[in-house]
Amino acid sequence: MTSHPSAIPLHHAARRGLLIVMTGASGVGKGTLREQWLTGQDVFYSTSWTTREARPGERDGVDYVFVTPAAFEAKVMADGFLEHASFVGNSYGTPIEPIEAALSRGQDVVLEIEVEGAMQVKARMGDEAILVFIMPPSLTELRRRLEGRATETPERIEKRLARAREEIREAHEFRFVVVNDDLDRAVEGLRAIQTAERARQIPENEWTPEDRAARLRADTLRSYALSDADLQRVVES
Ligand SMILES: Nc1ncnc2c1ncn2[C@@H]1O[C@H](COP(=O)(O)OP(=O)(O)OP(=O)(O)O)[C@@H](O)[C@H]1O
Ligand SMILES: Nc1nc2c(ncn2[C@@H]2O[C@H](COP(=O)(O)O)[C@@H](O)[C@H]2O)c(=O)[nH]1
């Protein structure tokens, strides 16, 4: 029997990549988690544009594309960003074109961005965006991590912590919340989310035992379990 393309069930058609957005306060460990989580995976990590100065050891085109405010503004005017935001005195943005190309060829895409930009992605991409808020165990631990990383002046650390207090209060806006206390446990949570979201693209009767386990684990990370009081406790701790 010959089959017509339109007769191919949707789930057998080429899979579109997942768009996973990691967000959360500066210094919570997004980059550290991402490196451990994505090592060995063929995932497209979006390199952002920024107007901030490169830190020692950061490479242009790898860690960020470092640009002047004028070049950044020109890209904004050309509608070249999926999202962009100002963060403690500098601009940051996600170039749109490589993201759409990766998703169309079936490659998963990971963004690592602050909260205002993540809200823009949510508004623009709707349910396609899998938004994951990375939560610090406490604000005291977040301060310890920012101080330990030693990339910011004391004044800039205070500004980032002030912004963190606002960002943490927005956590319930995102689909999942992963607490980055124990690094391995947090990475395992991110893997479960990725596997569970992939499984959603196929009928449930085709799920493997691993898919089912991932779904159960991912359900424990849904943000609706968090109350405002829970978020306030983190901010005050
Ligand atoms: N689970 C963890 N336990 C202890 N320290 C951690 C943990 N995760 C990350 N760190 C440390 O916290 C510091 C900040 O981590 P990282 O640079 O990955 O944060 P980030 O969220 O990517 O920051 P930014 O948003 O500013 O780029 C680093 O020194 C890192 O080694
Ligand atoms: N909205 C966006 N935020 C971004 C982007 N790239 C990085 N970031 C976030 O900015 C802060 C500060 O970063 P740092 O490198 O100066 O410490 C942090 O939360 C990053 O995740 C982006 O393209 N858009």
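Our structure's up above, just so we're on the same page.
Residues numbered from 1 in each chain as written. Chains lettered and ligands numbered in written order. Predicted model: local features only at pLDDT ≥ 70, side-chain atom pairs only at ≥ 80, totals over all residues. Heavy atoms only, no water.

Caption draft 1: Region of interest: the sheet that holds strand β6 (residues 90-95). Ordered in space as β4-β3-β6-β5, the 4 strands form an open sheet in which the pairing is mixed. Each of the sheet's edge strands pairs with one partner strand only, and the pair in question is β4 (65-66) and β5 (81-87). Bridge count for strand β3 (residues 49-50) against β6 is 2 bridges, and the pairing is antiparallel. Each bridged residue has a counterpart across the sheet, and for threonine 50 the counterpart in β6 is tyrosine 92. Its contacts with the sheet place helix α2 (residues 69-77) against β3, β5 and β6, and it is angled at close to 140° to β5. (Pairing = 2+ DSSP bridges. Helix = DSSP H or I, 4+ residues; strand = E, 2+ residues; numbered from the N terminus. Contact = heavy atoms within 4.5 Å. Axes fitted to C-alpha atoms, helices over the stretch in contact; angles between N-to-C directions.)

Caption draft 2: Molecular detail of the site of ligand 2. The environment of ligand 2 is made up of 17 residues, and the closest members are Arg52, Tyr64, Tyr92, Glu114 and Arg160. A distance of 2.6 Å separates an oxygen atom of ligand 2 from a polar atom in the side chain of arginine 52. At 2.8 Å, a side-chain N or O of arginine 55 approaches an oxygen atom of ligand 2. Relative to its unbound accessible surface of 510 Å², ligand 2 loses 95% to contact with the protein. Cavity membership is defined here by more than half of the atoms lying within 2 Å of grid points; on that basis ligand 2 lies in the largest pocket. Of all the elements in the fold, those that place two or more residues in the shell around ligand 2 are β5, β6 and β7 (109-113). Split into classes, the residues belonging to the shell around ligand 2 amount to 5 nonpolar, 4 polar and 8 charged. (Near = heavy atom within 4 Å. Polar contact = N/O pair within 3.5 Å; in protein donor to acceptor, adjacent residues only side chain to side chain. Areas by Shrake-Rupley, 256 points an atom, 1.4 Å probe, with all protein chains shown as cover. 1 Å grid on protein atoms, 1.4 Å probe; cavity = no way out; pocket = protein on both sides within 12 Å on 5 of 7 lines; lining within 4 Å. Sits in = over half its atoms within 2 Å of the grid points. Nonpolar A, V, L, I, M, F, W, Y, C, P; charged D, E, K, R; others polar.)

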